[in-house]
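Observations on chain architecture
Listed below are the residues making up each chain.
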Amino acid sequence: MAVSAVPTKGNLINSKKSLELSTLGYELLDKKRNILIRELMSLIDKAKSVQSKIDKAYEDAYLALEMANITMGFCGEISRSVPEEDSLTLSYRSVMGVEIPIVAIKEKNGLDLDYGLYTTNSILDLARQRFEEVKTLTAQLAEIENSVYRLATAISTTQRRANALKNIMIPRFEETVKYITDALDEKDREEFSRLKVIKRQKQEKKENTEAE
């Protein structure tokens, strides 16, 4: 690796500071990456659990709806009475600077129905309950999957930056420090040798003068 720095004490001090900052930066990025990976792994485990639940919840919900259709006739007219969903809220939490979404659902009162009781039956109530469970699990899964994507992206970015410091910047500054240090040491040795020669010449001149 070519070093273009001029071997001066000022450049040596600056290079050592840059090396120190790069090393510290790498250590911080490595810690950040490890924390993000732990968070990611915990969410992946959680996603597997929610996914297994949501598959069963969808199956139960559509089975309940099918039974409601059988006992009441098709529920298309009743479905139009269901209002637009507005119970979802979105907020964020920060994990090492990564914004992780939090999806919350305002729970409804179990007796707060969107259809009349006179023309419906308990099987429709069960279908409604099952789809409420589906909605909750779907929101949880959406939160987890979005969080996993954000964390994976952040981990990849952090890894690239850490690799750049470890494999490029730190070795470059180490080589620069070594180059300047060696050059200054060589210059000091040359200066020391030069002073010794001058001192010897002066001593010889003095001795010659005294001999005369």
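Residues numbered from 1 in each chain as written. Predicted model: local features only at pLDDT ≥ 70, side-chain atom pairs only at ≥ 80, totals over all residues. Heavy atoms only, no water.

1. Things to note about the overall build of the chain
When you go through the chain residue by residue, the secondary structure sums to three helices and two strands. Counting helices and strands in the order they occur from the N terminus, the chain gives α-α-β-β-α. Counting every position in the chain, which comprises 212 residues, the buried fraction comes to 24%. Pairs at least 24 residues apart make up 80% of the contacts formed inside the chain by residues separated by at least 6 positions. Here the chain displays about 15000 Å² of accessible surface, and carbon together with sulfur accounts for 56% of that area. (Helix = DSSP H or I, 4+ residues; strand = E, 2+ residues; numbered from the N terminus. Buried < 20%, exposed > 50% of the residue type's maximum accessible area, 1.4 Å probe, protein only. Contact = heavy atoms within 4.5 Å. Areas by Shrake-Rupley, 256 points an atom, 1.4 Å probe, with all protein chains shown as cover.)

2. Observations concerning the packing of aromatic side chains
Within this structure, the stated rule accounts for two aromatic pairs. Plain terms: the ring middles of tyrosine 58 and tyrosine 62 are 6.2 Å apart, the flat faces sit at 15° to each other, and that makes the pair stacked. On the criterion of helical spacing, the pair formed by tyrosine 58 and tyrosine 62 is a turn pair, its members being four residues apart in helix α1 (residues 9–72). The exposure class of tyrosine 62 is partly exposed, given its relative accessible area of 48%. (Phe/Tyr/Trp six-rings, centres within 6.5 Å; stacked < 30°, edge-to-face > 60°.)

3. Looking at the nonpolar core
Across soluble globular proteins, you tend to see nonpolar side chains buried next to one another. One finds Leu36, Val50, Val98, Ile100, Leu137, Ile144 and Leu151 to be the most contacted residues of the largest nonpolar core, which totals 18 residues. At the level of elements, α1, β2 (98–105) and α3 (122–211) are the ones that each hand at least two residues to this core. Per element, the largest residue contribution to this core is eight residues, and it comes from α1. Counting seven residues, the second-largest nonpolar core is a separate cluster that includes Phe173, Val177, Ile180 and Leu184. (Core = buried A, V, L, I, M, F, W, Y, C linked by side-chain atoms within 4.5 Å.)

The quantities given are spatial measurements derived from coordinates; they are silent on function.
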